[in-house]
Amino acid sequence: MTRVLVLNGPNLGRLGSREPDVYGHQDLDALRQLLLTNAPEGYDVEVRQTDDESELIGWLHSAVDERTPVILNPAAFTHYSYGLRDAAALVTRAGLALIEVHISNPHARETFRHTSVISAVATGVIAGFGFDGYRLALEQLSRISTTL
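Under an unreviewed UniProt entry, the name given to the protein chain is 3-dehydroquinate dehydratase, and the organism recorded is Subtercola boreus. The Function (unreviewed entry) field of the UniProt record for the protein chain holds the comment "Catalyzes a trans-dehydration via an enolate intermediate." The UniProt entry for the protein chain carries the following text under Catalytic activity (unreviewed entry): "3-dehydroquinate = 3-dehydroshikimate + H2O".

**So, the side chain of H79**
With respect to the helices, strands and loops of the structure, H79 is situated in the loop between strand 3 (70-73) and helix 4 (82-93). Note on H79: relative accessible area 18%, which makes it buried. Engagement of the side chain of H79 in a polar contact is seen with the backbone oxygen of T115, the distance being 2.9 Å. The contacts of H79, once residues within four sequence positions are left out, are F112, R113, T115 and V117.

**Considering the packing of aromatic side chains**
According to the stated counting rule, one finds two aromatic pairs in the structure shown. Ring geometry for F131 against Y134: centres 6.1 Å apart, planes inclined by 90 degrees, an arrangement best described as edge-to-face. Take F131 and Y134: they sit in the same class, and that class is buried.

**Quick word on the environment of R67**
Tracing the chain through its elements places R67 in the loop between helix 3 (53-66) and strand 3. Residue class for R67 comes out partly exposed when judged on its relative accessible area of 48%. Sequence separation of R67 and A97 is 30 residues, and the distance between their C-alpha atoms is 9.7 Å. Not counting residues up to four positions away in its chain, the partners in contact with R67 are A94 and L96. A distance of 2.7 Å separates the side chain of R67 from the backbone oxygen of A94, its partner in a polar contact.

What counts and what doesn't
Residues numbered from 1 in each chain as written. Predicted model: local features only at pLDDT ≥ 70, side-chain atom pairs only at ≥ 80, totals over all residues. Heavy atoms only, no water. UniProt positions renumbered as here; feature names shortened; annotations may be inferred. Helix = DSSP H or I, 4+ residues; strand = E, 2+ residues; numbered from the N terminus. Buried < 20%, exposed > 50% of the residue type's maximum accessible area, 1.4 Å probe, protein only. Polar contact = N/O pair within 3.5 Å; in protein donor to acceptor, adjacent residues only side chain to side chain. Contact = heavy atoms within 4.5 Å. Phe/Tyr/Trp six-rings, centres within 6.5 Å; stacked < 30°, edge-to-face > 60°.

So this is what it looks like as structure tokens:
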């Protein structure tokens, strides 16, 4: 069984009620159900969310220690958290996949959202496809897991 961590940063616990015109009307439970339903055979998906930067960094450290690929939506931490960037780099330097996902397209939004400190150390980036971006990331993980 291949375990995949789907980690979500600040304010994503408010999905469904937070700016539905940007993030949609579905909540984290709907995301969890979507991923469990679409997980390739042999994949165990665990969806987590925190508003705490240190907790998110700790989860990335655990992913390295447990040899677990990651789908990461760093949310607001995307733009400034060098601590999170360094933890994400540990994942990919360990030979594990880390796919950065964004529900909206940050490049079509405010200028400050155009820069990601995470992208340069991620295996890949998927943005602007809503919850489907997570499904696409999971699908891609199943394709590349044997090549990393």
